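# Structural overview
Okay, here's what each chain looks like letter by letter:
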Amino acid sequence: METARTLKGKQGEVRSCPEKGVSGQTASGQSIRGIAGDLLADIQLGHIDDDVAHVLAERLRRAGLEVRPEEVEDLAEEIENHASR
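So, how was this worked out
Residues numbered from 1 in each chain as written. Predicted model: local features only at pLDDT ≥ 70, side-chain atom pairs only at ≥ 80, totals over all residues. Heavy atoms only, no water. Buried < 20%, exposed > 50% of the residue type's maximum accessible area, 1.4 Å probe, protein only. Helix = DSSP H or I, 4+ residues; strand = E, 2+ residues; numbered from the N terminus. Arc of directions from axis to C-beta. Contact = heavy atoms within 4.5 Å. pLDDT = per-residue confidence, 0-100. Axes fitted to C-alpha atoms, helices over the stretch in contact; angles between N-to-C directions. Parallel < 35°, antiparallel > 145°, perpendicular 65-115°, else oblique. Left-handed = near helix turned anticlockwise from the far one by under 90°. Nonpolar A, V, L, I, M, F, W, Y, C, P; charged D, E, K, R; others polar. Salt bridge = Lys/Arg side-chain N within 4 Å of Asp/Glu carboxyl O.

### Examining helix α2 (residues 52–62)
- All buried positions along α2 are accounted for by Val52, Ala53, Val55, Leu56, Arg59 and Leu60. On an axial view of α2, the arc spanned by its buried residues comes to 165 degrees, and they lie on one face. Exposed positions of α2 whose direction lies more than 90 degrees from the buried face are His54 and Arg62.
- Looking at the buried positions of α2, the neighbouring elements they touch are α1 (32–44) and α3 (69–83).
- Among the residues trailing α2, Gly64 stands out with phi positive, at a value near 85 degrees.

### With respect to the environment of Ala57
- Among the secondary structure elements, Ala57 is positioned in helix α2.
- Judged by relative accessible area, which is 33%, Ala57 ranks as partly exposed.
- Distance in space between the C-alpha atoms of Ala57 and Arg68 is 9.3 Å, their sequence separation being 11 residues.

### Digging into the confidence of the model for the protein chain
- Summarising the model, the protein chain shows a mean pLDDT of 76, and 66% of its residues fall at 70 or more.
- Per-element mean pLDDT across the protein chain ranges from 41 in strand β1 (residues 5–9) up to 96 in α2.

### Let's talk about the packing of α1 against α3
- Look at α1 against α3: their axes get within 10 Å of each other, and the N-to-C directions meet at 40 degrees. By the angle class used here, α1 and α3 are oblique. Seen along the crossing, α1 lies across α3 with a hand that is right-handed. Contacts from Ile32, Ala36, Leu39, Leu40, Ile43 and Gln44 of α1 reach α3 at Leu75, Ile79, His82 and Ala83.
- Residue composition of the contact of α1 with α3, grouped by class: eight nonpolar, two polar and no charged.

### Overview of the packing of α2 against α3
- Running from N to C, α2 and α3 cross one another at 120 degrees; their axes reach a closest spacing of 9 Å. As summarised for this structure, α2 and α3 are arranged oblique, according to the angle between their axes. For the crossing formed where α2 meets α3, the hand is right-handed. Residue-level contacts link Val52, Ala53, Leu56, Ala57 and Leu60 of α2 to Val72, Glu73, Leu75, Ala76, Ile79 and Glu80 of α3.

### Describing the pattern of salt bridges
- Counted by the stated rule, this structure contains four salt bridges.
- In this structure, Asp42 engages Arg59 in a salt bridge whose closest nitrogen and oxygen atoms are separated by 2.7 Å. Separated by 17 residues along the polypeptide, Asp42 in helix α1 and Arg59 in helix α2 bring together distant segments of the chain.
- Overlapping salt bridges bring together Glu58, Arg61 and Arg62 as one network.

What follows is the structure in structure tokens.
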């Protein structure tokens with residue numbers, strides 16, 4: 001069963017569906033998917049030495065998005081798995 005969630009941030013609301021991959025966009029145009037993609041690219045380029053979940057949470061916070069820690073952990077795990085391919 002697909003569950004859509006609305007994440008509320010300082011810059012607007014973001015629609016998210018974790019079962020299909022996180023997506024959505026803030027009013028400023030920053031999307032969770034875009035932030036995750038940028039982080040993945042930084043990992044692949046060797047620019048990230050810190051814990052991926054910590055870096056992701058910080059980037060989401062700076063974008064004005066409040067995402068539950070469990071969702072950040074799940075997305076970080078997905079990013080790490082993709083980066084290791």
